[in-house]
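# Inside the fold
Listed here are the chains, written in short residue letters.
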Amino acid sequence: MELESLFRGVDFTRLSRPEVGVLDIIDILIVAYIVYKIIGWVKETRAWTLFKGVVVFFIFYAVVTVLQLNTMHWLLSETISVGIIAFVILFQPELRKVLEQLGNGKFIRNVFKFEFQDEDNGETAAVVEEIVTASRKMAAVKTGALILVERKVPLGDHIRTGIALDAIVTSQLLINIFEKNTPLHDGAVVIRNNRVAAAACFLPLTENRVSMELGTRHRAAIGASEVSDADIVVVSEETGYISLARAGVIYRNITPDELRKMLMSTAGNESRSVKKKIMKWKGRRSDDEKK
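Tallying secondary structure elements over the chain gives 13 helices and seven strands in all. Out of the 291 residues belonging to the chain, those deemed buried represent 33%. Sequence-distant contacts, at least 24 apart, represent 60% of the contacts inside the chain between residues at least 6 apart. Of the roughly 19,000 Å² of accessible surface on the chain, 61% is carried by carbon and sulfur atoms.

This next bit is on the sheet that holds strand 5 (residues 231-235). Overall, mixed pairing links the seven strands, which are arranged 2-4-3-1-5-6-7 in an open sheet. The sheet is open, and its two borders are formed by strand 2 (163-168) and strand 7 (249-251), each paired with just one other strand. Between one strand axis and the next, the sheet turns by 25° as a mean value, whatever way the strands run. With four bridges joining them, strand 2 and strand 4 (residues 195-201) adopt antiparallel strand pairing. Within the sheet, the bridge partner assigned to Ala-164 lies in strand 4 and is Ala-198.

The N-to-C vectors of helix 8 (residues 125-140) and helix 12 (residues 256-264) enclose an angle of 150°; their axes lie 10 Å apart at closest approach. One element, helix 8, and the other, helix 12, form an angle in the roughly antiparallel class. Considering how the two elements wind past one another, helix 8 and helix 12 form a crossing that is right-handed. Taken together, the residues of helix 12 that come into contact with helix 8 (itself represented by Ala-125, Val-128, Glu-129, Ile-131, Val-132, Ser-135 and Arg-136) are Pro-256, Leu-259, Arg-260, Leu-263 and Met-264. Here the contact of helix 8 with helix 12 is built from residues that sort into eight nonpolar, one polar and three charged.

Burial runs high along strand 3 (residues 188-192): five of the five residues are buried. Side chains Ala-188, Val-190 and Arg-192 project from strand 3 onto one buried face, and the interleaved Val-189 and Ile-191 project onto a second face that is buried too. Inspection of the sheet shows strand 1 (residues 145-149) paired to strand 3 by three bridges, in the parallel sense. Considered in strand 3, the bridge of Ile-147 is made with Val-189. Pairing geometry for strand 3 and strand 4, over four bridges, is antiparallel. Its bridge partner being in strand 4, Val-190 is matched across the sheet by Ala-198. As consecutive antiparallel partners, strand 3 and strand 4 are separated by two residues, and within that stretch Asn-193 has a phi angle of approximately 55°, a positive value.

So, about the environment of Leu-155. As for its placement among the helices and strands, Leu-155 is situated in the loop between strand 1 and helix 9 (156-159). The class for Leu-155 is buried, based on a relative accessible area of 2%. On a C-alpha basis, the gap between Leu-155 and Ala-197 in space is 9.9 Å, while along the polypeptide they are 42 residues apart.

So, on to the pattern of salt bridges. Evaluated as defined, the whole model comprises ten salt bridges. Here Arg-195 makes a salt bridge to Asp-166, at a shortest N to O gap of 2.7 Å. Here Arg-195, found in strand 4, pairs with Asp-166, found in strand 2; they are 29 residues apart in sequence, far enough to count as distant. On the accessibility criterion, Arg-195 (31% relative accessible area) is partly exposed. With relative accessibility at 51%, the residue Asp-166 sits in the exposed group. A salt bridge links Glu-213 to Arg-252, with the nearest nitrogen and oxygen atoms 3.2 Å apart. Of this pair, Glu-213 sits in the loop between strand 4 and helix 11 (216-226) while Arg-252 is found in the loop between strand 7 and helix 12, placing the two residues 39 residues apart along the sequence. With relative accessibility at 62%, the residue Glu-213 sits in the exposed group. Through salt bridges that share partners, Glu-129, Asp-257 and Arg-260 make up one connected network.

Unusually for a residue other than glycine, Asp-166 sits at a positive phi of about 55°. A positive phi angle is found at Ala-247, which is not glycine, with a value near 55°. Along the chain, Ala-247 turns up in the loop between strand 6 (242-246) and strand 7.

Rules used throughout
Residues numbered from 1 in each chain as written. Predicted model: local features only at pLDDT ≥ 70, side-chain atom pairs only at ≥ 80, totals over all residues. Heavy atoms only, no water. Helix = DSSP H or I, 4+ residues; strand = E, 2+ residues; numbered from the N terminus. Buried < 20%, exposed > 50% of the residue type's maximum accessible area, 1.4 Å probe, protein only. Contact = heavy atoms within 4.5 Å. Areas by Shrake-Rupley, 256 points an atom, 1.4 Å probe, with all protein chains shown as cover. Pairing = 2+ DSSP bridges. Axes fitted to C-alpha atoms, helices over the stretch in contact; angles between N-to-C directions. Parallel < 35°, antiparallel > 145°, perpendicular 65-115°, else oblique. Left-handed = near helix turned anticlockwise from the far one by under 90°. Nonpolar A, V, L, I, M, F, W, Y, C, P; charged D, E, K, R; others polar. Salt bridge = Lys/Arg side-chain N within 4 Å of Asp/Glu carboxyl O.

Rendered as structure tokens:
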């Protein structure tokens, strides 16, 4: 009976199929392609993680609406009412870059440029071995280095601050990049998809309090690891120690074997065991120094 009353006043004879012309199809394809390119651009930055959080929020809002959970629906509705302001705050760096690219014409060129990315983001054992070899050799002669290995969170923000290379990862290349008085030695190297994506990249310094023994490279490594899931290798120019920053924690003075294990590990178990070894080694060292 409810369905009958719903359609009782509808005159189906007057309903007509909407006409879709060639221009309508072109219009839809253009909009779809622009949205596709914008999403692809967002995926290259940390905004992709925030964007996925926004999508999950709206899915949860839809579920609450269907289930008629009135209290939750009211809370989420009030949250959405100020969502535009929150959106601007969360995506402020990305929105600023879009406006800058619109000003110099780069955005249009990037939107209508076809790019094919390698879906294999896992670091192979050969690449890890090249990084370990380079770190060991640079540590032996106290050559400062800063190497970022991209994981799931894209490092496009950092790559754009440096010089694009797109080169095969070899220990010789890494050593040459960080050789003193060379054009690319000042900054960080970003490794993406098993290739050296860029060099001379700038990283944000950590805002947390750290030991006074740590220099600019170590502070930059910690800062970059706080906003991404990258593994960041640091070679100290003063001591020749090899360190690795991960998730806001820096593991100092690790051996090449420990560095290899940490870079190859996909879970946190191996890194925690390495951390315990380092802490014990530091404890023995401090006892020896007291003697």
